[in-house]
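Chain by chain, the residues:
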Amino acid sequence: MIDETTPPRVDSEVGPLRAVLLHRPGNELKRLTPRNNDQLLFDSIPWVDRAQAEHDAFADVLRSRGVEVLLLADALRTALEDDRAHAAGVHAAVDDRRLGVDLADSLRSHLSGVSSAGLAEVLMAGMTFEELPSAEGASLVRMMNHPHDFAVDPLPNLLFTRDSSAWIADRVAISSLTMPARRRETAVLDLIYAYHPYFRHAARAYGAHSAPIEGGDVMLLAPGVLAIGVGERTTAAGAESLARSVFADGIAHTVLAVPIEQSRATMHLDTVCTMVDADAVVMYPLARDSLTAFTIRPTGDGGVKVAGPTPFLTAAAEAMEIERLRVIDTGLDPVTAEREQWDDGNNTLALAPGVVVGYERNVETNERLEAAGIEVLPIAGSELGSGRGGPRCMSCPVRRDPLH
């Protein structure tokens with residue numbers, strides 16, 4: 001059980017990890033087909049049983065290092081036991097614009113009577129027109145859709161819990177997700193943070209309906225210092241909105257807005273680099289010299305001042321008040337570096353300073369980390385990686401010890 005006596009708080013990327021939110025792959029992945037996997041943001045059709053086994057092994061590695069694991073599906077079911085959450089969950093599942101008023105009313109009535117477990121399953125795995133409850137009268141919407149079309153979309157990307165929310169100090173930022181296939185994830189996380197006993201009194205750091213920002217672009221370089229990637233998923237407006245929010249709350253003094261290439265391979269900042277120690281990152285070599293940052297700081301009267309751009313590594317070291325940020329490259333030669341970056345070699349999850357979880361297939365990157373004094377705990381990811389995400393993407397830390 002998650003320790004409910006200690007409030008959630010995360011001040012860094014590498015402080016000893018104590019509690020984390022994961023999502024074990026479920027029936028939502030079984031909804032993927034060659035017809036819809038691109039739309040649902042997967043590069044291939046995962047073998048679900050193997051993905052579940054790989055994820056179970058990942059969770060076991062975390063538990064073996066003293067990390068408490070909260071599973072999203074369990075948390076959602078618990079939250080939906082509250083009548084208010086159940087009503088909000090029904091509202092989130094049913095889209096009048098897609099179903100039309102009559103069919104939407106029928107589905108809303110049906111879902112209002114299902115258990116918290118049943119509603120959680122619909123919110124995560126979706127519902128096809130074939131699975132809709134039978135109703136009296138004709139429905140053009142039902143007749144004109146294929147039985148296997150989705151009346152309620154599944155959320156296969158729930159696996160990547162880092163993107164949908166991120167903890168900054170003692171506050172949670174629920175993301176404003178960019179891609180249509182992921183937007184309803186916001187409602188699921190909203191329910192968990194509002195109604196699960198462990199999170200019920202959690203303060204919010206950012207409005208989920210503000211400009212687009214995703215947790216994979218948010219990196220806590222040090223207490224009070226954030227880096228925010230601006231690219232395919234997070235806009236400049238989103239980065240500025242989050243910066244203003246954390247300044248107003250007094251939980252950060254510097255935000256670095258980091259432009260990244262808008263491509264599938266570099267969809268988030270954590271596909272380019274992640275922290276592996278208090279003063280070290282693993283980074284895609286091509287980004288080492290090209291990555292820049294705009295430095296944002298509060299003016300003291302509610303405004304912000306923006307400087308730059310300057311080289312990211314220089315701006316980060318200055319904001320962190322260290323001499324330099326050590327860089328460990330992904331691979332030695334350009335081909336290996338590109339392959340291992342694509343396979344999330346940069347996307348590591350730190351369990352403590354100098355201890356990270358990484359995919360076992362990124363052999364050269366892991367060897368370079370070990371040579372630099374970083375302990376790597378390897379996990380399998382042949383199926384988990386089909387949605388383009390590594391251990392950091394698949395984990396939302398909710399409690400870390402402070403760095404000393």
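Let me sum up the structure you'll find in this document. Treat the numbers as computed from the prediction; the structure is a model and nothing was measured.

Overview of empty space enclosed by the protein
Across all of its chains, the model carries three cavities of 30 Å³ or more by this definition. Here the largest cavity defines a volume of roughly 100 Å³. Along its surface, the largest cavity is lined by 13 residues, and Glu13, Arg162, Ala166, Trp167 and Leu220 are the ones closest to its centre. Elements supplying a minimum of two residues to the lining of the largest cavity: β5 (165-168), β8 (218-222) and β19 (396-400). Here the residues of the lining of the largest cavity are counted per class, giving seven nonpolar, two polar and four charged.

Examining helix α6 (residues 116-125)
Counted residue by residue, α6 has seven buried out of ten residues, so it is predominantly covered. For α6, every residue scored as buried is listed here: Ser116, Leu119, Ala120, Val122, Leu123, Met124 and Ala125. Contacts made by the buried residues of α6 are with α2 (72-79), α3 (83-93), α5 (101-112), β3 (127-128), β4 (150-152) and α9 (185-195). At the C-terminal side of α6, glycine 126 shows a positive phi close to 75°.

Considering the side chain of threonine 274
With respect to the secondary-structure elements, threonine 274 resides in strand β11 (residues 273-277). Looking at threonine 274, the relative accessible area reads 1%, which means it is buried. Within the structure, threonine 274 has its side chain in polar contact with the side chain of threonine 348 (distance 2.8 Å). Excluding residues that lie within four positions of it along the chain, threonine 274 makes contacts with Met219, Ala280, Val281, Val282, Asn346, Asn347, Thr348 and Arg392.

Let's talk about the sheet that holds strand β13 (residues 292-298)
Taken in spatial order, the five strands make up an open sheet running β8-β9-β10-β13-β14, and their pairing is mixed. Since the sheet does not close on itself, it has two edges, and those belong to β8 and β14 (304-311), each with one partner. Strand-to-strand twist of the sheet, defined as the mean angle between neighbouring strand axes without regard to direction, takes the value 25°. Sheet topology note: the β8/strand β9 (residues 225-230) ladder contains four bridges and is antiparallel.

Section: the environment of aspartate 83
When you line up the elements, aspartate 83 lands in helix α3. Once the C-alpha coordinates of aspartate 83 and serine 112 are considered, the two residues, 29 residues apart in sequence, prove to be 9.8 Å apart.

So, the pairing of strand β6 (residues 171-174)
In this structure, β5 lies alongside β6, joined through four bridges in antiparallel fashion. Within the sheet, the bridge partner assigned to isoleucine 168 lies in β6 and is arginine 171.

Points about the pairing of β8
The buried fraction of β8 amounts to five of the five residues, a majority that puts the element mostly inside the structure. Joining the antiparallel neighbours β8 and β9 is a turn of two residues, in which glycine 224 adopts a positive phi near 85°.

Brief notes about the environment of leucine 384
Mapped onto the secondary structure, leucine 384 falls in the loop between β18 (375-379) and β19. Each C-alpha atom, one on leucine 384 and one on phenylalanine 160, is 9.8 Å from the other, the two residues being 224 residues apart in sequence. If near-sequence neighbours (up to four positions away) are discounted, leucine 384 is found in contact with Pro25, Ala51, Glu54, His55, Leu159, Phe160, Tyr359, Gly389 and Met394.

Parameters and conventions
- Residues numbered from 1 in each chain as written.
- Predicted model: local features only at pLDDT ≥ 70, side-chain atom pairs only at ≥ 80, totals over all residues.
- Heavy atoms only, no water.
- 1 Å grid on protein atoms, 1.4 Å probe; cavity = no way out; pocket = protein on both sides within 12 Å on 5 of 7 lines; lining within 4 Å.
- Points joined across faces, edges and corners; volume = space filled by probe spheres on them.
- Helix = DSSP H or I, 4+ residues; strand = E, 2+ residues; numbered from the N terminus.
- Nonpolar A, V, L, I, M, F, W, Y, C, P; charged D, E, K, R; others polar.
- Buried < 20%, exposed > 50% of the residue type's maximum accessible area, 1.4 Å probe, protein only.
- Contact = heavy atoms within 4.5 Å.
- Polar contact = N/O pair within 3.5 Å; in protein donor to acceptor, adjacent residues only side chain to side chain.
- Pairing = 2+ DSSP bridges.
- Axes fitted to C-alpha atoms, helices over the stretch in contact; angles between N-to-C directions.

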